[in-house]
Amino acid sequence: MNADELATAFARVAPACDGWSLRQVHRRELSMAVRDDLALPFTEQVSHGAMVTVQVGRASAYAATPLLHVDGLRDAARRARDLARELRKLSVIARATAA
């Protein structure tokens, strides 16, 4: 899924909140090792997914998903929103009040 398709899919399921961001992640890692003076075969790991960050009031939370489709994005957005709502209750920073 390209960035435009991902943004369009997320716009369909974006949670009700004060703000959100979506980051597509693609990582490729190539490793090599030596054991007993012998080079071992290269290993390659590829991972991909999306990171959703949600802001509710002063609280922010994030959730990741490897599922780059509407249901996976919806689930990550809900998890992030629900966590941000819970974190809002635990804030150690007092809110400014009007004088």
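Residues numbered from 1 in each chain as written. Predicted model: local features only at pLDDT ≥ 70, side-chain atom pairs only at ≥ 80, totals over all residues. Heavy atoms only, no water.

Chemist: For this particular structure, what's the right way to read the sheet that holds strand S1 (residues 19-31)?
Modeler: Where strands meet in a sheet, backbone hydrogen bonds hold them as pairs that are either parallel or antiparallel. Spatially, S1-S4-S5 is the arrangement adopted by the three strands of the open sheet, whose pairing is antiparallel. Looking at which strands have only one partner, the edges of the open sheet turn out to be S1 and strand S5 (59-65). Each strand of the sheet is rotated relative to its neighbour by a mean of 20°, with strand direction disregarded. Against the sheet, helix H1 (residues 3-13) contacts S1 and strand S4 (43-56), and its axis sits at roughly 140° relative to S1. (Pairing = 2+ DSSP bridges. Helix = DSSP H or I, 4+ residues; strand = E, 2+ residues; numbered from the N terminus. Axes fitted to C-alpha atoms, helices over the stretch in contact; angles between N-to-C directions. Contact = heavy atoms within 4.5 Å.)

Chemist: Would you mind going over helix H2 (residues 70-88) with me for this structure?
Modeler: Because each turn of an α-helix spans 3.6 residues, side chains separated by three or four positions in sequence point in the same direction. For H2, which comprises 19 residues, the first-to-last C-alpha distance of 27 Å matches the rise-based estimate of 27 Å (1.5 Å per residue) to within 8%. Among all positions in H2, only Val70, Gly72, Leu73, Ala76, Ala77, Ala80, Arg81 and Ala84 are buried. Buried residues of H2, seen end-on, are gathered within an arc of 165° and therefore sit on one face of the element. On the buried face of H2, the contacting elements are H1, S1, S4 and S5. (Expected span 1.5 Å × (residues − 1). Buried < 20%, exposed > 50% of the residue type's maximum accessible area, 1.4 Å probe, protein only. Arc of directions from axis to C-beta.)

Chemist: Could you clarify how one ought to interpret unusual backbone geometry in this entry?
Modeler: If a residue is not glycine, its phi is most likely negative; likewise, a peptide bond is most likely trans. The residue Asp36 is not glycine, and still its phi comes out positive at about 55°. Note on placement: Asp36 falls in the loop between strand S2 (34-35) and strand S3 (38-39). Although it is not a glycine, Asp37 sits at a positive phi angle of roughly 65°. Tracing the backbone shows Asp37 in the loop between S2 and S3.

Chemist: I keep staring at a nonpolar patch on the surface and nothing clicks. Help me out?
Modeler: Among the surface-exposed residues, Leu30, Met32 and Phe42 lie close enough to one another that they form a single nonpolar patch of about 380 Å² accessible area. Among the secondary structure elements, Leu30 is positioned in strand S1. (Patch = residues over 30% accessible without salt bridge, like charges linked within 9 Å, V, L, I, M, F, W, Y side chains within 5 Å. Areas by Shrake-Rupley, 256 points an atom, 1.4 Å probe, with all protein chains shown as cover. Salt bridge = Lys/Arg side-chain N within 4 Å of Asp/Glu carboxyl O.)

Chemist: Explain the pattern of salt bridges to me, please; I cannot follow it from the model alone.
Modeler: If charged atoms from side chains of opposite charge come close, those side chains can pair. For the structure on display, the rule yields six salt bridges. Linking Glu29 and Arg27 is a salt bridge whose minimum nitrogen-to-oxygen distance equals 2.4 Å. In this structure, the salt-bridge partner of Glu44 is Arg28, at a minimum N-O distance of 2.3 Å. One end of the pair, Glu44, is in strand S4; the other, Arg28, is in strand S1, with 16 residues separating them in the sequence.

Chemist: I keep staring at the confidence of the model for the protein and nothing clicks. Help me out?
Modeler: Atom-level detail of predicted coordinates should not be read off regions where pLDDT is low. Across the protein, the average pLDDT comes to 89, with 91% of residues at or above 70. H1 is the least confidently modelled element of the protein, averaging 88 in pLDDT, while S3 averages 95, the highest of any element. (pLDDT = per-residue confidence, 0-100.)

Chemist: Which parts of the structure should I look at to understand the nonpolar core?
Modeler: In globular proteins that are soluble, nonpolar side chains generally tend to be buried together. Ranked by size, the top nonpolar core spans 17 residues in total, and within it Phe10, Val13, Val52, Val54 and Leu73 carry the most contacts. When residues of this core are traced back to their parent elements, those giving at least two are H1, S4, S5 and H2. Beyond its immediate chain neighbours, meaning those up to four positions away, Val13 contacts Val70, Leu73, Arg74 and Ala77. (Core = buried A, V, L, I, M, F, W, Y, C linked by side-chain atoms within 4.5 Å.)

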